[in-house]
Amino acid sequence: MTPQHCRAARAWLDWSQGELSKRANIGLSTIRQFENGLRTPITNNLLAMRRAFEDAGIVLNDDPAGITYKGDPGAKA
């Protein structure tokens, strides 16, 4: 997952960084620093963010890079 994936998924879901922090159970500073390109989180934190997005119906694509929403568009988390 890239910082761009993270920002795009949050925007689609209308989640703040704080909301992602709660749903992924990781520190807010981890998300802020990741999205700003200041550091790469440890693997467990990246997986927790990915899992939070996937649980909300977001699929992160590597090639081509982007996101896909799986589910009912009227039921965004």
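Just so it is clear, the structure is predicted and the values come from calculations on it, not from any experiment.

Some details on the nonpolar core
Here is step 1 of the chain: Grouped together as the largest cluster of nonpolar side chains are 17 residues, with contacts concentrated most on Leu13, Trp15, Leu20, Ala24, Met49, Phe53 and Ile58.
Here is step 2 of the chain: Among the elements that make up this core, the one with the highest residue count is helix α4 (residues 43-55) (4 residues).

Here's the deal with the packing of helix α2 (residues 17-24) against α4
Here is step 1 of the chain: Packing of α2 against α4 leaves a shortest axis separation of 9 Å and a crossing angle of 100°. On the basis of their axis angle, the class for α2 and α4 is roughly perpendicular. For the pair formed by α2 and α4, the contact residues are Leu20, Arg23 and Ala24 on the first element and Ala48, Met49, Ala52 and Phe53 on the second.
Here is step 2 of the chain: Classifying every residue of the contact of α2 with α4 gives 6 nonpolar, no polar and 1 charged.

Details of the pattern of salt bridges
Here is step 1 of the chain: Under the definition given, this model contains 3 salt bridges.
Here is step 2 of the chain: In this structure, the salt-bridge partner of Arg23 is Glu19, at a minimum N-O distance of 2.6 Å. With a gap of 4 residues between them, Arg23 and Glu19 both fall in helix α2, about one helical turn apart.
Here is step 3 of the chain: A residue is classified by how much of its surface remains accessible, and Arg23, at 44% relative accessible area, is partly exposed.
Here is step 4 of the chain: Between Glu54 and Arg50 there is a salt bridge; the shortest N-O distance is 4.0 Å. One end of the pair is Glu54 and the other is Arg50, both in helix α4 and 4 residues apart, which spans about a single turn.

Conventions and cut-offs
Residues numbered from 1 in each chain as written. Predicted model: local features only at pLDDT ≥ 70, side-chain atom pairs only at ≥ 80, totals over all residues. Heavy atoms only, no water. Core = buried A, V, L, I, M, F, W, Y, C linked by side-chain atoms within 4.5 Å. Buried < 20%, exposed > 50% of the residue type's maximum accessible area, 1.4 Å probe, protein only. Helix = DSSP H or I, 4+ residues; strand = E, 2+ residues; numbered from the N terminus. Axes fitted to C-alpha atoms, helices over the stretch in contact; angles between N-to-C directions. Parallel < 35°, antiparallel > 145°, perpendicular 65-115°, else oblique. Contact = heavy atoms within 4.5 Å. Nonpolar A, V, L, I, M, F, W, Y, C, P; charged D, E, K, R; others polar. Salt bridge = Lys/Arg side-chain N within 4 Å of Asp/Glu carboxyl O.

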